[in-house]
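# Report on the structure
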Amino acid sequence: MSSLGNVRAIIAVDLDYFYAQCEEVRDPSIKEKPVVICVFSGRTEDSGAVSTSNYLARKLGVRSGMPIVLAKRILKTTPGPVFLPMDMEYYESVSERIMELIRSKGDKFEQSSIDEAYLDVTTKDGADFQIAKEIGTEIKAEILSIEKLTCTVGVGQNKLMAKMAVDSKKPDEFTVILQGSEKAFLAPLPVGKLFRIGPKTEEKLRSIGIVTVGELAVADRTEISNLFGKNLGPDLIDWANGIDESPVLEKAVEQMSRIVTLKNDVQHFDFREALEQMSKSLSEKLRSSRLACRSIGIIAITTDLKVKSRSKSIAAPTQSSDEILQVSSGLFTSFFEEQHLSDSDKSKLRRVGIRLSELIPYAESKTRTLESYFK
DNA sequence: AATACCGGCGAGT
DNA sequence: TCATACTCGCCGGTATT
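Per-chain numbering applies: the sequence of each chain, read as written, is numbered from 1 onward. All chains are assigned letters beginning at A, and all ligands numbers beginning at 1, according to the order in which they are written. In keeping with the model being predicted, local features are shown solely for residues with a pLDDT of at least 70 and side-chain atom pairs are shown and tallied solely at 80 or more, while totals for entire chains, interfaces and linings include all residues. Side-chain numbers here rest on the full set of heavy atoms in the structure, without hydrogens or water.

So, about the domain arrangement of chain A. Interfaces are often described in size by the accessible area the parts lose on coming together. According to the domain assignment, chain A consists of domain 1 (10–17 + 90–182), domain 2 (19–87), domain 3 (189–240) and domain 4 (255–374). Delimitation of the domains relies on an automatic or database domain assignment. Put simply, the middle of domain 1 and the middle of domain 4, counted by C-alpha atoms, are 36 Å apart.

Attention shifts here to the sheet that holds strand β3 (residues 48–53). The pairing of strands in a sheet happens through backbone hydrogen bonds and is either parallel or antiparallel. Pairing in this open sheet of 3 strands is mixed, and the strands run β3-β2-β4 from one edge to the other. Taken across any chain shown, the strands that pair with only one partner, and hence form the sheet edges, are β3 and β4 (82–85). In this sheet, adjacent strand axes meet at a mean angle of 35 degrees when their direction is disregarded. For strand β2 (residues 35–40) and β3, the ladder comprises 5 bridges, and the chain directions are antiparallel. Along β3, the bridge assignment pairs F40 with G48. The pairing criterion is simple: DSSP has to find at least two bridges between the two strands. A run of H or I in DSSP counts as a helix once it spans at least four residues, and a run of E counts as a strand once it spans at least two, with each numbered from the N terminus. Here an axis means a line fitted to C-alpha atoms, over the contact stretch when the element is a helix, while the angle between two N-to-C directions is reported on a 0 to 180 degree scale.

Looking now at the sheet that holds strand β6 (residues 116–120). Judged by pairing direction, the sheet is mixed, and its 5 strands sit side by side in the order β5-β6-β1-β7-β8 without closing on themselves. This sheet does not close on itself; its edge strands, each paired only once, are β5 (108–113) and β8 (174–176). Recorded for the sheet is a direction-independent mean angle of 15 degrees between the axes of neighbouring strands. When strand β7 (residues 151–156) meets β8, the two strands line up parallel, connected through 3 bridges. Residue pairing for β8: V155 is matched across the bridge by V176. Only heavy atoms matter for contacts: two residues are in contact if any of them lie within 4.5 Å across the pair. Across the sheet, helix α4 (residues 88–103) is in contact with β1 (10–15), β5 and β6; its angle to β5 comes to roughly 150 degrees.

When at least one non-hydrogen atom of a residue lies within 4 Å of a molecule or strand, that residue is treated as near it. Around DNA strand B, the surrounding shell holds 18 residues, and the nearest of these are D115, R196, T201, S309 and S311. Near the protein, meaning within 4 Å, the atoms of DNA strand B are sugar or phosphate in a fraction of 100%, with bases accounting for the rest. Measuring from a phosphate oxygen of DNA strand B, one finds a backbone N or O atom of I197 at 3.5 Å. At 2.9 Å from a phosphate oxygen of DNA strand B is found a main-chain nitrogen or oxygen belonging to S309. Taken together, the elements giving at least two residues each to the surface near DNA strand B come down to α8 (199–207) and β11 (307–318). For this analysis, a polar contact is any N or O atom pair within 3.5 Å, provided that within protein one partner can donate a hydrogen and the other can accept it, and provided that sequence-adjacent residues contribute only side-chain to side-chain pairs.

This part is about the pattern of salt bridges. Put simply, a salt bridge is a Lys or Arg side-chain nitrogen that is within 4 Å of an Asp or Glu carboxyl oxygen. Applying the stated criterion across every chain yields a total of 23 salt bridges. K159 is paired through a salt bridge with E110; the nearest N and O atoms lie 2.8 Å apart. Separated by 49 residues along the polypeptide, K159 in helix α6 (residues 159–168) and E110 in strand β5 bring together distant segments of the chain. Accessibility classification places K159 together with E110 in one group, the buried group. For E116, the salt bridge goes to K163, with nearest N and O atoms at 2.8 Å. In this pair, E116 is assigned in strand β6 and K163 in helix α6, connecting sequence segments 47 residues apart. Throughout this description, buried means an accessible area under 20% of the type-specific maximum (1.4 Å probe, protein chains only), exposed means over 50%, and partly exposed covers the range between.

Glancing now at the layout of surface pockets. With a 1 Å grid laid over protein atoms only, a set of points is called a cavity when a 1.4 Å probe fits there but cannot get out and a pocket when it is open yet has protein on both sides within 12 Å along at least five of seven lines; lining residues have an atom within 4 Å of a point. Grid points are joined across faces, edges and corners, and a volume is the space filled by probe spheres set on the points. The space that makes up the largest pocket amounts to roughly 1500 Å³. Surrounding the largest pocket, 37 residues form its lining, M88, E92, S257, R258 and K285 being those nearest its centre. By residue number, the principal contributor to the lining of the largest pocket is α4, which donates 8 residues. Taken as a whole, the second largest pocket spans an internal volume of roughly 330 Å³. Lining the second largest pocket are Y55, M164, D167, S168, K170, F185, L189 and K193. For the lining of the second largest pocket, the element with the most residues is α6, which contributes 3 residues. Split into classes, the residues belonging to the lining of the second largest pocket amount to 4 nonpolar, 1 polar and 3 charged. In this count, Pro and Cys sit with the nonpolar residues alongside Ala, Val, Leu, Ile, Met, Phe, Trp and Tyr, while Asp, Glu, Lys and Arg are called charged and the others, Gly among them, polar.

Moving on to α4. Residue pairs spaced three or four apart in an α-helix point in one direction, given the helix's 3.6 residues per turn. A helix is expected to reach a length of 1.5 Å times the quantity of its residues less one. Taking 1.5 Å as the rise per residue, α4 with 16 residues should run 22 Å; its terminal C-alpha atoms sit 21 Å apart, in good agreement. Those residues of α4 lying buried are Y90, Y91, V94, S95, I98, M99, L101 and I102. Looking straight down α4, one finds its buried side chains confined to an arc of 160 degrees; they lie on one side. For α4, exposure combined with an orientation more than 90 degrees from the buried face picks out E89 and E96. Of all possible arcs, the one meant is that of the directions from the helix axis to the C-beta atoms.

The next subject is the packing of helix α10 (residues 221–228) against helix α11 (residues 232–240). Running from N to C, α10 and α11 cross one another at 125 degrees; their axes reach a closest spacing of 7 Å. Overall, the two elements α10 and α11 adopt an arrangement that is oblique. Crossing angle aside, the handedness with which α10 passes α11 is right-handed. Taken together, the residues of α11 that come into contact with α10 (itself represented by R221, I224, S225 and F228) are L232, G233, P234, L236, I237 and D238. Within the contact of α10 with α11, the residues separate by chemical class into 6 nonpolar, 2 polar and 2 charged. Angles below 35 degrees are treated as roughly parallel, those above 145 as roughly antiparallel, those between 65 and 115 as roughly perpendicular, and all remaining angles as oblique. Left-handed describes a crossing whose near helix is turned anticlockwise from the far helix by less than a right angle; the clockwise case is right-handed.

Here it is as structure tokens:
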């Protein structure tokens, strides 16, 4: 064991504008045009949101989460914009192959999203960033030659720094943050650029006079803890100092959910068909992942886009679509009763969904009946 | 007093 | 006006033991 046994070399890989780039690979003729990947909600012709877009579209002002209608308005004057519906099955199949490729380059691997992964390439001799660079270069080259996709790679001494390296320069880039240069790299950044600090946290920090990561790094621990809690507070300060001990580790799936936008906002439970669909889909996903759930919940998004949820634990773990449907229907029924009781809460529901949690490995019985097979 | 459960919130892709 | 579909993680309140 090296005396620097706690020093690591971590690689982060981020596939560039992933869904849109997948579409460019499928149809290279769209490469020179703005490409916008859309989630059409089905309410009206173009209702829905932009999932992602290629860099040409971004340069013209298209952003993730933007209403499709707005993206169309922005691109109205530019020639040949391409609006495509999201095709998750296709992106997932591409992602699976690439993740296998990355996984094969090291023994500690963690996929953090459909298009991002970490690799711990620390050896018994310690954290050699030269080796990390070589492995990163190989990964970039192989993804390009095999899948025709570019990616951005970052190297750092922990996951946070590798991720910050990736985020510092995209697309098709390779950034290394050397050991010892973490604080200098982070300090001048606005706090909002630090991974896991979003608009709300940024605003809270600004309210106590903290604007840069460097200021957060030396902030008063007690004051930060009082504001963000005794766990999150210290974490924030650690992150601002480039400290992140979290291991590169494949995590078990903890939850799965389905959600849909309703054709019209509703005040009553009249979307049983949608629930049936989602129950079936979730049941299938449970079975294919050899999991069962011990908690079933509902998600309700109101007209004013507030998220509400209800959930309940069930006696025995289940994979049954019928049981998921029964429980979620029950939760929605009581949810509407609550809403109608609570005097003038006239809020309607815009989107509804089901969430399964407390997932546990579940070996499906081989002696199951023919009937249960189809549930 | 510790742990479990629940609902809200925040962040990210 | 125009606001997707997911996943993960933390927080505080309350119930349970």
